[in-house]
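Coordinate inspection notes
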Amino acid sequence: CWTLLVCCLLTPGAQGQEFLLRVEPQNPVFPAGGSLLVNCSTDCPSSKKIILETSLSKELVDNGTGWAAFQLSNVTGNSRILCSGYCNGSQITGFSDITVYSLPERVELAPLPPWQPVGQNLILRCQVEGGSPRTSLTVVLLRWEKELTRQPAVGEPAEVNTTVLTSREDHGAHFSCRTELDMKPQGLELFRNTSAPRQLRTFALPVTPPRLVAPRFLEVEKSWPVNCTLDGLFPASEAQVYLALGDQMLNATVMNHGDMLTATATATARADQEGAREIVCNVILGGERLETRENLTVFSFLGPILNLSEPSAPEGSTVTVSCMAGARVQVTLDGVPAAAPGQPAQLQLNATESDDGRNFFCSATLEVDGEFLCRNSSVQLRVLYGPKIDRATCPQHLKWKDKTRHVLQCQARGNPYPQLRCLKEGSNREVPVGIPFFVNVTHNGTYQCQASSSRGKYTLVVVMDIEAPKSHFVPVFLAVLVTLGVVTVVVALMYVFKEHKRSGRYHVRQESTSLPLTSMQPTEAMGEEPSRAE
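Since this is a predicted model, take the numbers as computed values, not measurements.

Attention shifts here to the packing of aromatic side chains. The geometry of an aromatic ring pair comes down to the distance between the two centres and the angle between the two planes. In the structure shown here, the tally under the stated rule is three aromatic pairs. Arranged with centres 5.1 Å apart and planes meeting at 20°, the rings of Y101 and F191 form a pair that is stacked. Taken together, the residues Y101 in strand β8 (residues 90-109) and F191 in strand β15 (residues 190-194) connect sequence positions 90 residues apart. Judged on exposure class, the residue Y101 and its partner F191 are both buried.

And the structure:
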């Protein structure tokens, strides 16, 4: 029908019309769903009625000679409207093309994978629903604000794809898609509509498993550090680490430096875990798991428990020494093994002074998974004896000189250690023991040297004989007499020699006990040999 109408309007008779029918606004552009006031008018004075031909919802607003106004509502698509009337019996027409634009109803980037391996291709998909005119609509895929691809929107819904080779730098990057409706040629602007961004997380795992450092053996109720390390992990800060002893999760402290991750925990074995177990380290990143397991044996090792029947035993009493340990443990007491593993070892002794301070040693050996574990224990016996004084070191008779310095060498022994005092009989005068002191005649006498402790007393008699100095009168008198005699002889000799010089030489007659002097002859004076006296 519209085609016949247009053909009729283009006939030569219609072309010769002198008056035109105007349609305003001419070729309007406006958002979809809006309303439009259309005015149809002509200068022909005989035009009485003007009508509007359109498939859109319309309403006559007002009219008059040569004009009519219509309200179009809910315009959702492109359309051509036609105004027509009669002038002098001839039909006159006018038309206008309505262009409607609309922004896309949905612009959405398809969800990204939770984790994307580094070095693998990632396909980005953007879906666009609605939006017109499609010839002016473009879809752009973005990494942050950088364009990755630009494509026209084709189809309903339109889908635009692109492939990205992911790297470490893409970790945490935002990807989005944007539509651009270019209405600048129609005198409007460029309308943009952007999807919600999606964040990409990339990861990389090493080819080697974690390195787990754990003990081979773990004693019940004992603690030991466990260490798990993995290098070449990206991003190490977002990895999850789980350490477990069997079914028991360990409280791990995780630290990372660069691409290295280290998790440490303390493993404490329970009694119900005794036997063969496993220490497990799991590192999870990007939905992938790296795991390392190490074998561990949980064991119970009680002992050795070393006991004395009397830790402080009186001298002469019987003391029992016993050593025991847990099941499967072999004990050895002072080099003597027990009869069988799990059995105690014992020995007995009669406590003597020489046993005071004696140490007893017990060793315990347990075989765990082919390894021998050893522990030792010791205990010291305290023997109560004394007090005693060693006669060999404390002489019972001392002979010292007056006004000299000496040391009274006496020693006491015992447990508990005794106190030693030496007191003079009759006066209770005390002399120091083991310390140098000045001796005089007042120290002469008998002393009671007594060692005392909580166990009793022991006394030893010591006699000090102080030798007084002798008189010096007789030796001095004799010395004076000798001196006087020597002086007298010297004087006499000097006199004789003096006389000899005056009267000649003299000789002593050997037969006489007196000292007669005879005169020498001249010949003797001249050197002749004198004759012997008969």
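It is worth spelling out the side chain of S176 at this point. Relative to the helices and strands, S176 is located in strand β14 (residues 174-182). Here S176 is in contact with L109, V140, L141, L142, W144, T194, S195 and P197, once residues within four sequence places are set aside.

Here the focus is the sheet that holds strand β29 (residues 318-324). Spatial ordering of the open sheet is given by β27-β29-β32, a layout of three strands whose pairing is antiparallel. Strands with a single pairing partner mark the edges of an open sheet, and in this sheet they are β27 (305-308) and β32 (345-350). Averaged over all adjacent pairs, the angle separating strand axes in this sheet is 10°, with direction ignored. Where β27 lies against β29, four bridges are found, and the strand directions are antiparallel. Counterpart to L308 in the pairing with β29 is V321.

What follows is about the pattern of salt bridges. The tally for this structure, following the rule as stated, stands at 24 salt bridges. Here E129 ties to R106 by a salt bridge, and the two come within 2.9 Å at their closest N and O atoms. Remark: R106 occurs in strand β8 and E129 occurs in strand β10 (residues 121-132); sequence separation between them is 23 residues. You can call E129 partly exposed: its relative accessible area is 26%. You can call R106 partly exposed: its relative accessible area is 24%. The salt bridge partner of R192 is E180, with a shortest N-O separation of 3.6 Å.

Spatially, three strands are ordered β28-β35-β38 in an open sheet, and the strand pairing comes out mixed. The sheet is open, and its two borders are formed by β28 (312-314) and β38 (412-415), each paired with just one other strand. Between one strand and the next, the sheet's axes are offset by a mean angle of 35°, whatever the strand orientation. Relative to β38, strand β35 (residues 382-389) runs antiparallel, the two sharing three bridges. Paired with I389 across the strands is A412, a residue of β38.

This part is about the confidence of the model for the protein chain. Mean pLDDT over the protein chain: 85, with 86% of residues reaching 70 or higher. Across residues 1-17 the pLDDT falls below 50, and counting only partners more than four positions away or on other chains, this stretch makes 14 contacts in the model. Under a pLDDT of 50 for its full length, residues 500-534 has, in the predicted model, 20 contacts with residues more than four places off or in other chains.

Next up on the list: the state of the cysteines. According to the stated counting rule, one finds seven disulfides in the structure shown. At a sulfur-sulfur separation of 1.7 Å, the disulfide partner of C44 is C87. Given an S-S torsion of about 90°, the disulfide between C44 and C87 has right-handed geometry. Of the two residues, C44 sits in the loop between β3 (34-42) and β4 (50-53) while C87 sits in strand β7 (residues 79-87), which places them 43 residues apart along the sequence. Here C422 pairs with C449 through a disulfide, and the sulfurs are 2.0 Å apart.

What counts, and at which threshold
- Residues numbered from 1 in each chain as written.
- Predicted model: local features only at pLDDT ≥ 70, side-chain atom pairs only at ≥ 80, totals over all residues.
- Heavy atoms only, no water.
- Phe/Tyr/Trp six-rings, centres within 6.5 Å; stacked < 30°, edge-to-face > 60°.
- Helix = DSSP H or I, 4+ residues; strand = E, 2+ residues; numbered from the N terminus.
- Buried < 20%, exposed > 50% of the residue type's maximum accessible area, 1.4 Å probe, protein only.
- Contact = heavy atoms within 4.5 Å.
- Pairing = 2+ DSSP bridges.
- Axes fitted to C-alpha atoms, helices over the stretch in contact; angles between N-to-C directions.
- Salt bridge = Lys/Arg side-chain N within 4 Å of Asp/Glu carboxyl O.
- pLDDT = per-residue confidence, 0-100.
- Disulfide = S-S within 2.5 Å.

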